Amino acid sequence: MTEVAPALDAFRHEALLYAGEDGFVEGAGAFIRDGLEAGDAMLVVVSTARIDRLRQHLGSGAREPALRFADMAEVGANPARIIPAWQAWVKDAGPERSLRGIGEPIWSGRSPDELVECERHEALLNLAFEGGRPWWLLCPYDTASLDPAVVERARTTHPHVGAEGAHQPSEGYHGVSTWFEQPLPEPRGAVVATSFDAAGLGALRALVSRQAARYGLSARRVADLVLAANEVATNSLRHGGGGGGLRIWQEDAAVVCEVRDQGVIASPLADRTAPGHDPDAPRGLWTVNQLCDLVQLRTSPAGTVVRLHVRRQ
Amino acid sequence: MILGRLERENAAGSTDRCPWPRPFPADFGGCPAFQPVDFVVADSLNRTLGSSRTCRHLSVGAGTNGHSSRYYARCALGDTAQRRRWLAEVRPERAAVMRALQEEFDEFSRTYRHELFAARTRALADSGDGDARARLDTTLAGFLAATRGFLESRVARFADVDVAVEDLVGRVEGWADAWQQEGAPASPQLQAPDGDPEQLSLLGRAVPLREALHHGNGNGNGNGHAHDAAPPALEPLLATGTLRVERGADPPRLVVSGEIDAATSADLERLLAAELAGGGSVDLDLGGVLFCDLGGVRAILHAARRAGCCSRVVVHAMPAHLRRAVRLAGWEGVPELVLAEEAGA
């Protein structure tokens, strides 16, 4: 089933609804084959299992140099790292070819917290590429294994939806969405809490370090969490009213450290904008997303909450 | 002037006195080198009175010449600067994991250690039938088996701080042999072996109460180690609460120790800008840096940029995690920051 590629004059963010692995291979395979025919440059970021199946399906086409594959588990384990990866690829691509991408950030093994952040990522994609170089990004959603509510929400984050060969504008999409207002669930179990001001960063680091080690993090991950918490707390000192509150607790797979303050984060893409070398380019939130396995960021006129997750290995 | 260990012990106002009030509270965080070890407290009749908490580095020092009391609570690491140096070598994050493992072991072994203490007191008092002796043997065997289980379920976490669990199992068994043959009735002391201070002191201690009250926490583990040769005399350029910068002459470089964060990075930037005035480069030794945030790296880069074209900061002994942070922050390859690789540094 081949489709005529719509002429691209803007970033086209499209959800591909498929059922089961065979449906994925058919839908994604058709998209890739069309791209190869058109001479487009392509990057496919999905699980390694899916990559293997696509390679089998495409045969010699999979070896075209214009087509590249990357493992979503590496690129996007932390979903906040996905947009910068696409931005780097689009920026480095030569002007002579059109660009197509496939990215599947949501799979059925994602935790509820990760799922929310994946959905936030999907919404922010529209903002990140709006007005820039036109390209076509296809986001596959497995109707057979995902919660129907997740699939429905995909209609609200994607301006276009494709299913069984038909490409349509999405009726659920209502314009670029910036902030996800999804509140964060309260932790279950024991929580260690403190507050901090400008004189309290040393004590804050000592507390995070002690607790993170007690919860079983390795030395390197203890250092990652201490640095990340310090960066967020330092932001609170500068932009969040001069201080804030910190809580730390453990969950099944990770240690979570939360910092709250009275400030507001103005830019929705603040935590996923690659900074470059300039020392004055903002990079605290960028860095915490490189150090941590998940960062939940919620901001409103009432204040800001940042939750840092570091997994036990 | 840096004194050798023996001279330190004899000096009035010994600089290796532990400055912290004891007993240490449960979440003590005042001293960054603090490594809690549980111990069994006993009265002069060897009856157990509960557990208390000492520090692995705490021992008893002997002061002379004008000291009102002969004995004092001595930090085997030395003075504040030496405590920081130990922590810089071990790395704060590893020290945190070591501390957590020791706390878990103390929690796990507390009941056993009390039972052992009581069983041995009975066995030593017993004269005649081997009943109490046999019960002691059984108690000890149970403790050893449980300890092996504790250690073997934590192989990865011990490996993370470079401790091989098989070595620990061997040491615990060696301790048990020696402990079983201990004959002295009066003040049983469960000495953790001396040696590599980076190994854990896994075992609690029994200390007669009178001594414990008198000297704070009584006998420590004696895990003092002869520190590497004292560093050459340095001229201090900056000494805030948590950050020190000293000028070293040979080789010429600025030696930074302590913590670089929002409280101290502005001072560091000013100092570096002054050093770089007129351009050129400056060598920084960061081996003693316990923590550096992104603002600290920014301060270094700002100073280099202010000094103008081609100014560089050459960093020696950059801690591994800071190197990781610089890379993750997006500063890899920034021209103003050069990492010097030194063999054997």
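Residues numbered from 1 in each chain as written. Chains lettered and ligands numbered in written order. Predicted model: local features only at pLDDT ≥ 70, side-chain atom pairs only at ≥ 80, totals over all residues. Heavy atoms only, no water.

Considering the packing of helix α7 (residues 201-214) of chain A against helix α8 (residues 219-239) of chain A
Residue and element names in this part refer to chain A. Remark: α7 packs on α8, axes separated minimally by 9 Å, with the N-to-C direction vectors making an angle of 150 degrees. For α7 against α8, the interelement crossing comes out right-handed. Each of L201, L204, R205, V208, S209, A212 and A213 in α7 lies in contact with α8, whose residues at this interface are V222, L225, V226, A229, N230, A233, T234 and L237. (Axes fitted to C-alpha atoms, helices over the stretch in contact; angles between N-to-C directions. Helix = DSSP H or I, 4+ residues; strand = E, 2+ residues; numbered from the N terminus. Left-handed = near helix turned anticlockwise from the far one by under 90°. Contact = heavy atoms within 4.5 Å.)

Some details on the packing of aromatic side chains
Overall, the coordinates contain 17 aromatic pairs over all chains when judged by the stated rule. With a centroid separation of 5.2 Å and 40 degrees between ring planes, the pair formed by F11(A) and W135(A) is classed as tilted. Taken together, the positions of F11(A) in the segment before β1 (12-18) and W135(A) in the loop between α5 (112-129) and β5 (136-142) put the pair 124 residues apart, joining distant regions of the chain. The residues F11(A) and W135(A) share a single accessibility class, namely buried. Ring centres of W89(A) and W135(A) lie 5.9 Å apart, and the angle between their planes is 65 degrees; on these two criteria the pair is classed as edge-to-face. Note that W89(A) is positioned in helix α4 (residues 82-92) and W135(A) in the loop between α5 and β5, a separation of 46 residues in sequence. Both residues of the pair, W89(A) and W135(A), belong to the buried class. Here a set of aromatic residues connected by ring pairs shows up, and it is made of F11(A), W86(A), W89(A), F129(A) and W135(A). Between the NZ or CZ atom of R50(A) and the centre of the ring of F24(A), over which it lies, the distance is 4.7 Å. Here the guanidinium or amino end of R154(B) rests over the ring plane of F150(B), the centre of that ring lying 3.8 Å away. (Phe/Tyr/Trp six-rings, centres within 6.5 Å; stacked < 30°, edge-to-face > 60°. Buried < 20%, exposed > 50% of the residue type's maximum accessible area, 1.4 Å probe, protein only. Lys NZ or Arg CZ within 6 Å of the ring centre and 35° of its normal.)

Let's talk about the pattern of salt bridges
Applying the stated criterion across every chain, the model contains 43 salt bridges over all chains. Across the salt bridge formed by E259(B) and R205(A), the nearest N and O atoms sit 2.5 Å from each other. Note that E259(B) is positioned in strand β8 (residues 253-260) and R205(A) in helix α7, a pairing that runs across two chains. Considered together, E259(B) and R205(A) belong to a single accessibility category, that of buried residues. A salt bridge links E258(A) to R307(A), with the shortest nitrogen-to-oxygen separation between them at 2.8 Å. Highlighted residues: E258(A) in strand β10 (residues 254-261) and R307(A) in strand β12 (residues 303-311), separated in sequence by 49 residues. (Salt bridge = Lys/Arg side-chain N within 4 Å of Asp/Glu carboxyl O.)

Topic: the interface of chain B and chain A
By a frequent convention, interface size equals the accessible area lost on bringing the separate parts together. Counting from both sides, the interface comprises 36 residues of chain B and, opposite them, 33 residues of chain A. Here chain B meets chain A over a buried area of about 2800 Å², counting both sides, of which 55% is carbon and sulfur. Where chain B touches chain A, the interface holds 6 salt bridges. At the boundary of chain B with chain A, the tally comes to 16 residue pairs in polar contact (both at pLDDT 80 or more). Of all the secondary-structure elements, those providing two or more residues to the side of chain B that touches chain A are α3 (92-125), α5 (155-160), β9 (281-292), α9 (294-306) and α10 (320-328) of chain B. (Buried area = accessible area lost by both parts, 1.4 Å probe. Polar contact = N/O pair within 3.5 Å; in protein donor to acceptor, adjacent residues only side chain to side chain.)

So, the sheet that holds β1(A)
Residues and elements named next belong to chain A. Spatially, the 7 strands line up as an open sheet ordered β3-β2-β4-β5-β1-β6-β7, and their pairing is mixed. Only two strands of the sheet have a single neighbouring strand rather than two, namely β3 (67-71) and β7 (166-169). Between one strand and the next, the sheet's axes are offset by a mean angle of 20 degrees, whatever the strand orientation. The pairing of strand β2 (residues 41-46) with β3 spans 5 bridges and is classified as parallel. (Pairing = 2+ DSSP bridges.)

Considerations on the sheet that holds strand β7 (residues 243-248) of chain B
Residue and element names in this part refer to chain B. Here 6 strands make up an open sheet; going across it, the order is β6-β7-β8-β9-β10-β11 and the pairing mixed. The open sheet has two free edges, formed respectively by β6 (235-239) and β11 (337-339), since each of these has just one partner strand. When the angles between neighbouring strand axes are averaged without regard to direction, this sheet yields 25 degrees. As judged from the 6 bridges shared by β7 and β8, these two strands associate in the antiparallel manner. Bridge pairing links R244 to S257 in β8. Running over the sheet, helix α2 (residues 80-90) touches β7, β8 and β9 and is turned about 90 degrees from β9.

Considerations on helix α9 (residues 284-291) of chain A
In terms of residue burial, α9(A) counts as a mostly covered element, since 8 of its 8 residues are buried. Buried-residue contacts for α9(A) involve α4, α8, β11 (294-300) and β12 of chain A together with α9 and α10 of chain B.

With respect to the environment of G278(B)
If you trace the backbone, G278(B) turns up in the loop between α8 (265-276) and β9. As a C-alpha pair, G278(B) and R306(B) span 28 residues in sequence and 9.9 Å in three-dimensional space.

Details of the confidence of the model for chain B
Residues and elements named next belong to chain B. Of the residues in chain B, 76% have a pLDDT of 70 or more, and the chain-wide mean is 78. Averaged pLDDT values over the elements of chain B bottom out at 38 in strand β5 (residues 206-208) and peak at 97 in α10. Every residue in residues 1-12 scores below 50 in pLDDT, and together they form 25 contacts with partners more than four places removed in sequence or on other chains. Within the model, the stretch residues 183-200 combines pLDDT values under 50 with 46 contacts to residues more than four positions away or in other chains. Listed scores for the predicted complex are pTM 0.89 and ipTM 0.93. (pLDDT = per-residue confidence, 0-100.)

What to know about α8(B)
Residues and elements named next belong to chain B. Along its 12 residues, α8 runs 16 Å from first to last C-alpha, staying within 8% of the 16 Å computed at 1.5 Å per residue. When we look at burial in α8, the residues that qualify are S265, L268, E269, L271, L272, A273 and L276. On the buried face of α8, the contacting elements are β6, β7, β8, β9, α9 and β10 (312-316). Taken from the residues just after α8, G278 is the one with a positive phi, measuring 95 degrees. (Expected span 1.5 Å × (residues − 1).)

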